[in-house]
Amino acid sequence: PGRAKRLLVSQLFQPFNLQAGDEAGWEGRAGEPACRSQKLMLQGGLVYPSGPGCYYYLPPAVRAMEKLVKVVDGEMQAVGGQKLNMPSLSSAELWRASGRWDGMGPELFRLVDRHHKAYCLAPTHEEAVTELVAAQSNLSYKQLPLRLYQVTRKFRDEPKPRFGLLRSREFYMKDMYTFDASEEAARQTYDLVCDAYRSLFDRLGLPFVKVQAATGSIGGTVSHEFQLPADVGEDRLLLCPDGHFAANVETLNGERTSCPTCGEKLTQTKGIEVGHTFYLGTKYSSVSNAVFYSPKNKRQLAEMGCYGLGITRILAASIEVLSTEDNIRWPSLIAPYQLCFIPPKRGSKEEEQGVTLLERVYDDLTEALPHLASDSVLDDRTQLTIGKRLKDANKLGYPYVVIAGKRVCEDPPVFEVWNQNAGEVLFLTKEGIIELLSKVQVP
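Along each chain, the written sequence defines residue order, and numbers are assigned to residues from 1. Note on the predicted model: pLDDT of at least 70 is required for a residue's local features to be given, and 80 or more for side-chain atom pairs to be given and counted; whole-chain, interface and lining totals, by contrast, use all residues. To get the side-chain values, all heavy atoms of the structure are used, and hydrogens and water are removed first.

Under an unreviewed UniProt entry, the name given to the protein chain is Probable proline--tRNA ligase, mitochondrial, and the organism recorded is Haliaeetus albicilla. Under Subcellular location (unreviewed entry), UniProt gives the following word-for-word description of the protein chain: "Mitochondrion matrix". UniProt positions are given in the numbering used here, feature names are shortened, and annotations may be inferred rather than shown by experiment. Recorded under Catalytic activity (unreviewed entry), the UniProt text for the protein chain is reproduced unchanged: "tRNA(Pro) + L-proline + ATP = L-prolyl-tRNA(Pro) + AMP + diphosphate".

This is the structure we're talking about:
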């Protein structure tokens with residue numbers, strides 16, 4: 001009584017296809033290019049294709065995503081972010097007023113309701129949030145800065161969806177919109193949010209670069225992208241080896257080969273964009289008339305910024321850059337489960353004692369470290385050898401695997417512990433396991 005119910009691998013809805021090779025047609029369309037993260041996420045039962053660029057996110061992927069959102073929430077709230085949720089359906093009138101109804105072209109999913117009113121499924125929410133703030137007719141400078149953000153599903157009619165969650169038609173994004181009383185204040189907000197993004201990627205252990213970027217269809221005057229260098233990246237980046245200069249090639253007029261600061265030769269790499277920041281000025285506030293009252297009681301246009309993080313793209317990109325060809329490696333903070341317990345094979349001489357001792361470790365651990373109770377699973381498929389289940393656990397990327405092997409019958413019992421992210425195998429007693437895992441963080 002009072003004990004956490006053990007989570008059994010046999011009862012998790014995670015349709016493994018771990019034996020699958022590299023056959024073409026992962027997406028059901030032969031010849032489509034597949035990348036490492038797409039292959040590993042499909043094999044590992046994290047996602048399942050439902051149509052071009054659309055996926056079912058299965059329970060382990062949702063767990064990872066919810067953890068990532070918790071970490072993002074912490075970073076956004078630390079810079080004064082307030083979370084809201086805006087409608088996915090956005091009226092055509094709003095988008096026409098900003099000029100983006102025609103400017104975005106066929107990337108917008110458009111629809112007409114029964115009253116013949118036109119809408120789009122929003123890929124981003126600058127128009128909507130500015131209308132919301134403009135509707136607050138007596139906004140005072142004392143209420144600024146205003147930093148509003150959401151994490152929602154977005155839609156983009158991608159001409160060529162590919163690489164799984166890296167380039168899809170439906171995706172989750174964190175988008176923050178900020179309203180400041182002056183350009184100077186808006187630029188301080190810009191630096192603050194960029195620092196929060198740095199902190200996020202550092203905590204996830206992801207090797208990012210911040211590069212100068214084009215403002216594109218969003219607009220504004222200053223823009224940066226947060227990129228994870230990767231061979232399958234769709235952006236070409238130029239980087240100074242000493243870190244003085246970094247830019248997306250599309251922002252440069254003509255070929256640049258040396259750093260404008262130190263003259264060193266620039267290196268070229270490809271990157272996956274996982275975050276994008278924009279200083280917008282009054283581009284949207286002037287259209288919707290989003291104003292506030294200054295200290296002299298004059299109506300003034302708010303200075304805006306917007307800041308995006310691709311939530312589902314970060315999941316896939318982190319698997320892309322951290323994993324091997326065969327084995328998923330998660331940023332340990334957001335692994336779906338931290339811990340997998342593997343009892344002895346059915347019929348082995350260790351079975352009787354080993355199963356009891358391992359279950360006791362599971363129960364004692366979740367009692368001593370209650371935050372790991374829902375983060376631990378028991379691989380009860382005891383018809384399979386320990387080796388086969390360990391191989392599966394490796395492929396799925398549990399940061400820690402605890403095995404009741406040959407030494408479980410010693411006195412005191414010794415368990416084999418795989419610390420995947422450190423790449424080491426330890427032999428520990430129950431107390432040693434609890435001490436090792438007491439350092440593990442979950443959001």
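> For helix α10 (residues 386-396), give the residues involved together with the corresponding values.
In this scheme, a residue with accessible area under 20% of its type's maximum is buried, one over 50% is exposed, and one in between is partly exposed, where area comes from a 1.4 Å probe on protein chains only. A run of H or I in DSSP becomes a helix once it reaches four residues, and a run of E becomes a strand once it reaches two; helices and strands are each numbered from the N terminus. Within α10, the full set of buried residues consists of R389, L390, D392, A393, N394, K395 and L396. Positive phi shows up at G397, right after α10, with a value of about 80°.

> Outline the sheet that holds strand β22 (residues 424-428), listing residues and values.
Here, a strand pair is defined by DSSP locating no fewer than two bridges between the strands. Strand order in the open sheet formed by six strands is β1-β19-β18-β20-β21-β22, with mixed pairing between adjacent strands. Each of the sheet's edge strands pairs with one partner strand only, and the pair in question is β1 (7-8) and β22. Pairing geometry for strand β20 (residues 400-403) and strand β21 (residues 415-419), over four bridges, is antiparallel. Paired with V401 across the bridge in β21 is W418. Note on contacts: a residue pair qualifies if any of its non-hydrogen atoms lie within 4.5 Å across the two residues. Lines fitted to C-alpha atoms define the axes here, with helix axes fitted over just the stretch in contact, and angles between the N-to-C directions of these axes take values from 0 to 180 degrees. Lying on the sheet, α10 is in contact with β18 (339-342), β20 and β21; it crosses β18 at an angle near 170°.

> Help me get a handle on the domain arrangement of the protein chain, residues and values and all.
Interface extent is often summarised as the accessible area lost during association of the parts. The source of the domain bounds is an automatic or database domain assignment. Once the domains are mapped, the protein chain shows domain 1 (36-322) and domain 2 (337-438). Here domain 1 and domain 2 have C-alpha centroids that lie 41 Å from each other.

> Got a sec to walk through the packing of helix α2 (residues 59-78) against helix α8 (residues 311-322)? Specific residues and values, please.
Between α2 and α8, the least distance of the axes is 10 Å, while the angle of their chain directions is 115°. The angle between the axes of α2 and α8 places the two elements in the roughly perpendicular class. α8 is crossed by α2, and the crossing has right-handed handedness. Contacts between α2 and α8 involve A61, A64, M65, L68, V69 and V72 from the first element and I311, T312, I314 and L315 from the second. By the convention adopted, Pro, Cys, Tyr, Trp, Phe, Met, Ile, Leu, Val and Ala count as nonpolar, Lys, Arg, Asp and Glu as charged, and the other residues, Gly among them, as polar. Here the residues of the contact of α2 with α8 are counted per class, giving nine nonpolar, one polar and no charged. In what follows, roughly perpendicular refers to angles from 65 to 115 degrees, roughly parallel to angles under 35, roughly antiparallel to angles over 145, and oblique to any angle outside these ranges. Take the far helix as your reference; a near helix turned counterclockwise from it by less than a right angle gives a left-handed crossing, and one turned clockwise gives a right-handed crossing.

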